[in-house]
Structure formats: C-alpha cells, structure tokens
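# Structural overview
So the chains spell out like this:
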Amino acid sequence: MQERSRDTRRTLIAAASDLLARGGPAHVTLRAVGAAADVSRTAPYRHFQDKDDLLSTVAAESLAALTAEMQHAVADTTTASTPLFRACHAYVRFAWAYPNHYRLDFFGGDHTIPPSRVLVDAANDFNRYFNDLVVEAQQSGTLIAGDIRDVGPLLWVLLHGLAMSNHLVADQGCEPKKGYDADDMSRVLALALQNLAPR
C-alpha cells in the first residue's frame with residue numbers, strides 16, 4: 001500500500017512538472033494534475049495540501065536536478081574547458097531547456113510560492129554547491145579573488161542574464177533568430193568568464 005502511495009505521488013509530481021513546462025504555474029492546479037496523472041479526483045489532495053505545496057515540491061526537484069547537471073558537467077573532463085565554465089554552461093543550458101522551471105525555482109514565475117521545508121533545503125543545497133564552485137574557481141585561479149559574498153552574486157547575475165536572454169526575447173515577441181543559440185551561449189559565456197578571471 002505504501003509503495004502504491006509513493007508511486008501515485010511520483011506520478012502526480014511528474015504530471016505537475018509536465019504541466020509547468022507546457023504552460024507555467026498558472027496551468028498547474030490539483031484538478032489538472034490529477035487528470036493528467038489519470039488518478040481519482042481526490043488523490044492529489046491526499047498527497048499535497050494545496051497547489052503551493054505541489055509547486056514547492058516540483059521546484060525543489062528542479063533545483064536538485066540543476067545542481068546535479070552542474071555537478072555532472074564539472075565531473076566530465078573530456079573537454080578542455082575549466083570546471084567553472086562547464087558548470088556555468090550546464091546552468092544556462094538547463095535554464096534554456098526548462099524556462100518555466102527555472103523561473104519558478106528562482107523567481108516564482110507568475111506565482112509566488114511560500115517557502116516550504118523541502119524547497120528551502122533544495123535552495124540551501126544549491127547555494128552551498130554554487131559557493132563551493134566559486135571558492136574552488138578562485139583557488140584554481142580561474143575566477144577573480146574577493147569576498148564570496150561579492151563574487152558569488154556577481155557570477156550569478158552574469159549567469160542569470162544569459163539564462164534569461166532567450167526568455168526575454170521570446171516574451172517580447174521578437175522575430176525568430178533574434179535570441180542566442182547554443183554556439184552563442186558558449187562564446188558569450190567564455191567572454192564573460194574571461195573578464196572575471198584574475199589579471
């Protein structure tokens with residue numbers, strides 16, 4: 001029985017994540033998630049208190065996935081790039097691939113989520129990893145020295161700007177091909193990190 005309950009919960013989270021990807025937080029309702037997961041109407045309410053509880057869980061899993069993508073990229077030494085570049089590249093690539101998840105993770109999208117324990121824990125894990133990344137890059141000489149409270153946010157603002165660049169273009173209804181593509185991402189990111197390297 002417990003295993004079936006866990007399976008139902010996982011199915012509901014996956015359905016909510018899919019609805020979020022397709023339409024943003026406004027499209028994620030407990031009723032819509034239940035229908036998409038093909039479960040009874042009451043099932044979502046047995047696993048989640050409300051929409052905020054469900055979105056908080058989805059956001060926490062998304063942050064954990066982003067952290068894992070960055071860690072995986074750092075561990076992949078088959079390219080000549082630095083660990084910092086690989087992690088930053090993974091960050092922006094994730095944001096471009098999952099724009100609604102990215103917005104929910106960092107800004108709530110068009111829906112502000114009250115902080116839940118699971119989301120706070122995921123955010124703390126991400127922040128710890130990001131800070132460790134900054135310190136390691138400083139120690140290896142690939143990132144400017146300075147207080148991590150200054151350098152960390154500086155790097156994050158750079159990544160966020162690149163991450164949001166395509167979303168902002170799309171939101172303004174600009175002509176096709178006005179945004180960045182994957183090759184542009186690597187070029188701009190390399191240029192930015194070059195300017196954040198010690199001189």
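Please refer to the structure placed before this passage.
Listing the buried residues of helix α2 (residues 30-37) in full gives L30, V33, G34 and A37. All buried residues of α2 project into a common sector of 100° when viewed along the axis, lining one side. Those residues of α2 that are exposed and angled more than 90 degrees off the buried face are R31 and A35. Of the residues flanking the end of α2, it is D38, one or two places downstream, whose phi is positive at about 60°.

Moving on to the nonpolar core. Counting 52 residues, the largest nonpolar core has M70, Y91 and L155 as the members making the most contacts within it. Within the residue set of this core, elements represented by two or more residues are α1 (2-23), α2, α4 (51-75), α5 (83-97), α6 (99-107), α7 (117-139), α8 (148-171) and α9 (182-195). Top contributing element to this core by residue count: α5, with 10 residues. Residue contacts for Y91: discarding those within four places in its chain leaves L66, M70, Y102, F106, F126, W156, L159, H160 and A163.

Both the distance between ring centres and the angle between the ring planes are used here to describe each pair of aromatic rings. On inspection of all chains with the given rule, the structure shows 8 aromatic pairs. Seen from their ring centres, Y91 and F106 are 6.1 Å apart, and the 50° between their planes marks the pair as tilted. Residue Y91 is found in helix α5, and its partner F106 is found in helix α6; the two are separated by 15 residues along the sequence. Aromatic side chains F106 and F126 sit 5.7 Å apart centroid to centroid with 70° between the ring planes, which places their arrangement in the edge-to-face category. Within this pair, whereas F106 is found in helix α6, its partner F126 is found in helix α7, the two being separated by 20 residues in sequence. You can call F106 partly exposed: its relative accessible area is 23%. Under the relative-accessibility criterion, F126 is labelled buried at 2%. Members of the aromatic cluster, connected to one another through ring pairs, are Y91, Y102, F106, F126, F130 and W156.

Turning to the environment of P25, a few remarks are in order. Tracing the chain through its elements places P25 in the loop between α1 and α2. Taking the C-alpha atoms as reference, P25 lies 9.7 Å from R103; in sequence the two are 78 residues apart.

What follows deals with the packing of α4 against α5. Close contact between α4 and α5 brings their axes to 8 Å; oriented N to C, the two are set at 145°. Helix-helix and strand crossings are classified by hand; for α4 and α5 the assignment is right-handed. On the side of α4, the interface is formed by S62, A65, L66, E69, M70, A73 and V74, while α5 contributes P83, R86, A87, A90, Y91, R93 and F94. Of the residues assigned to the contact of α4 with α5, the class counts are 10 nonpolar, 1 polar and 3 charged.

Rules of the game
Residues numbered from 1 in each chain as written. Predicted model: local features only at pLDDT ≥ 70, side-chain atom pairs only at ≥ 80, totals over all residues. Heavy atoms only, no water. Buried < 20%, exposed > 50% of the residue type's maximum accessible area, 1.4 Å probe, protein only. Helix = DSSP H or I, 4+ residues; strand = E, 2+ residues; numbered from the N terminus. Arc of directions from axis to C-beta. Core = buried A, V, L, I, M, F, W, Y, C linked by side-chain atoms within 4.5 Å. Contact = heavy atoms within 4.5 Å. Phe/Tyr/Trp six-rings, centres within 6.5 Å; stacked < 30°, edge-to-face > 60°. Axes fitted to C-alpha atoms, helices over the stretch in contact; angles between N-to-C directions. Left-handed = near helix turned anticlockwise from the far one by under 90°. Nonpolar A, V, L, I, M, F, W, Y, C, P; charged D, E, K, R; others polar.

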